Amino acid sequence: TQMSLKKLLLKIFLLLIFLIIVIGVAYELFFTYKMNVLGKKVTINPDGYNWMDTIKSLASKESKNNKFSEKDRINILLLGIAGKGKAGQNLTDTIMIASVNLKTNQVAFLSVPRDLLVTIPNSGVQTKINSAYQYGISLNNGDEKKAAEEVKKIISNLTSLNIDYYVILNFDGFTKVIDSVGGVNVMNERDIYDARYPGPNYSYETFELKKGFHHLDGATALKYARERHDDPDGDFGRAKRQQEIMIATKNKVFSARTMVNVFALNDLFNALGDNIRTDISEDEIGDFIELTKKADTNNISNVVLDAWNKDSLLKVSHIFFGGIRAFVLVPRVGNYSEIQDIAQNIFDLNKIKREKDEIGKENATVAIINKSGNSSLPEKIKKLLNENLSYKNVMILSDPVKTTRDETVVYDTKEGIKPFTLNEIVKKIPASASYVLPDYYTKIIENTKTEIVLVLGKDIIERYNMEEDSIEDYRNA
């Protein structure tokens, strides 16, 4: 009868509702359980874990984490290593800072090249930055947590950013994560043919990928992210591809297709748990999942520190390791100020451009007077101002008295009418500022139209004493 049919349909409807609820509860239990296991696996030296915190964190729409609630920005250091059993297992050939604006959900990536020369904290040892984590493990008797904290200090010193967290992922994890979500899509900008791609047991193999759109599995994506021999931009081109892979993976992980696929989630959690290490605590993982889901990947700011052209913030030099010449990258100016400006303003890079425009409008005439005792220093500073910083009017004035001074000072002879120029020279040379030019220097510049006087002292000799090599030498190394 019609009444019986209605009752049957009602029962079927209620059964479906019941099944949906059961499946939903099972999904939440599975998700929470995997989060529990993941939290225990990935956190280095966990101090105890309450699985209820994860459930509460996932259930709450608002973060209870102080680092999230008290800041406008979170900075996460991402390190990629080969992993146990592979050549150079603890060398961090991927070094990237991922920053998230907590107010706008905007994301920014700053890639640091592996050959950047840095000093290890509390040791004075200079090395390439990709060796810092490995060196820290050796120095701290295998303690990965202390080694990672030291790398955080190095990056913080380099960028003037507070590094809130670190995440270390090995090659196996990279491959398995991408496979767990069914691969990623990329748009390859050029044909790639690398006959010297590192293979197993210190061998070489060929990696080839044509220009255009590709769907990559984990193994191919790893090669795409690591390849550098056939890239005209070398490590810097590789860093751009690594950022591209990260964005594509994030979008795939949080796609509806992945989030409702229990098998894909299970593979994803297993891949992360076995191959990732972090100081993100277990009860913060839920916050991070929400943060990552909200991240705006349509308006990402990407910066790669490089040494390719006159606008690059780094230059090529070399040092000797055990008598062997090794090419390294160093700041083109006498400190990290330009890198720090980029890092601090990565969500508004136009601010840096606006300052450069103002310096161009000021068009100041700068005179260099050498009181450092180093005869080659004035030409190095003039080249920096002319070629890299685009100053048009720079001259070196001779000083008849061959005395030296300890400190570099920049004098503004026009009582502050060229403030942007003065500020840039103070930060980048670096130098202290003064608006009172001593009579001695007044006599030296009296027949010129000098507005800014830069007096070089002995304090910057070491900053500029490294020999500069060509980018061709670096590419062919």
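Residues numbered from 1 in each chain as written. Predicted model: local features only at pLDDT ≥ 70, side-chain atom pairs only at ≥ 80, totals over all residues. Heavy atoms only, no water.

### Regarding the overall build of the protein
The helix and strand tally for the protein stands at 17 helices and 19 strands. In the protein, which comprises 477 residues, the proportion classed as buried is 49%. Taking as baseline every contact in the protein between residues at least 6 positions apart, the subset at least 24 positions apart corresponds to 70%. When the accessible surface of the protein is summed, it comes to about 24300 Å², and 53% of that surface belongs to carbon and sulfur atoms. (Helix = DSSP H or I, 4+ residues; strand = E, 2+ residues; numbered from the N terminus. Buried < 20%, exposed > 50% of the residue type's maximum accessible area, 1.4 Å probe, protein only. Contact = heavy atoms within 4.5 Å. Areas by Shrake-Rupley, 256 points an atom, 1.4 Å probe, with all protein chains shown as cover.)

### Here's the deal with the sheet that holds strand S16 (residues 393–397)
In space, the five strands of this open sheet follow the order S16-S15-S19-S17-S18, with mixed pairing throughout. The open sheet has two edge strands, S16 and strand S18 (432–434), and neither has a second partner. With direction set aside, neighbouring strand axes in the sheet form an average angle of 20°. Those strands touched by helix H15 (residues 419–428) are strand S15 (365–370), strand S17 (409–412), S18 and strand S19 (452–456), and its axis lies near 175° from that of S17. (Pairing = 2+ DSSP bridges. Axes fitted to C-alpha atoms, helices over the stretch in contact; angles between N-to-C directions.)

### A short note on the confidence of the model for the protein
Taken as a whole, the protein shows an average pLDDT of 81; of its residues, 79% reach a score of 70 or greater. When the criterion is pLDDT under 50, residues 12–35 qualifies, and its contacts beyond four places in sequence or with other chains add up to 24 contacts. Across residues 45–64 the pLDDT falls below 50, and counting only partners more than four positions away or on other chains, this stretch makes 31 contacts in the model. (pLDDT = per-residue confidence, 0-100.)

### Details of the environment of Asp473
Its place among the elements puts Asp473 in helix H17 (residues 471–475). Take Asp473: its relative accessible area is 37%, and that puts it in the partly exposed class.

### Considerations on unusual backbone geometry
Cis rather than trans, the peptide bond between Ile429 and Pro430 has omega equal to -10°. Located in the positive-phi region is Asn122, a residue other than glycine, with phi close to 65°. Residue placement: Asn122 occurs in the loop between strand S4 (117–119) and strand S5 (126–128). Classification of Asn122 by relative accessible area gives exposed; the value is 80%. Even without being glycine, Asn363 reaches a positive phi, approximately 45°. With relative accessibility at 37%, the residue Asn363 sits in the partly exposed group.

### So, the pairing of S17
Side chains of S17 alternate between two faces, with Val409 and Tyr411 and Val410 and Asp412 buried alike. Of the strand pairs in this sheet, S17 and S18 are connected by three bridges, and their pairing is parallel. Paired with Val409 across the bridge in S18 is Ser432. Remark: the S17/H15/S18 crossover connection has right-handed handedness. (Right-handed = clockwise from strand over helix to strand, strands pointing away.)

### A short note on the pattern of salt bridges
Scanning all chains against the criterion turns up 24 salt bridges. A salt bridge links Glu205 to Lys223; the nearest nitrogen and oxygen atoms lie 3.0 Å apart. In this pair, Glu205 sits in strand S9 (residues 204–209) while Lys223 sits in helix H7 (residues 218–226), placing the two residues 18 residues apart along the sequence. Overall, Glu205 belongs to the partly exposed group, its relative accessible area being 27%. Lys223 sits in the partly exposed class, given a relative accessible area of 24%. (Salt bridge = Lys/Arg side-chain N within 4 Å of Asp/Glu carboxyl O.)

### Comments concerning the pairing of S19
Here S19 lies mainly inside the structure; five of its five residues are buried. Side chains Ile452, Leu454 and Leu456 of S19 all project onto a buried face; the interleaved residues Val453 and Val455 project onto the opposite face, where all are buried too. With five bridges connecting them, S15 and S19 associate as parallel partners. Counted as the bridge partner of Asn370 is Leu456 from S19. Both S17 and S19 contribute to a ladder of four bridges, which runs antiparallel. Bridge pairing in S19 places Tyr411 opposite Val453.

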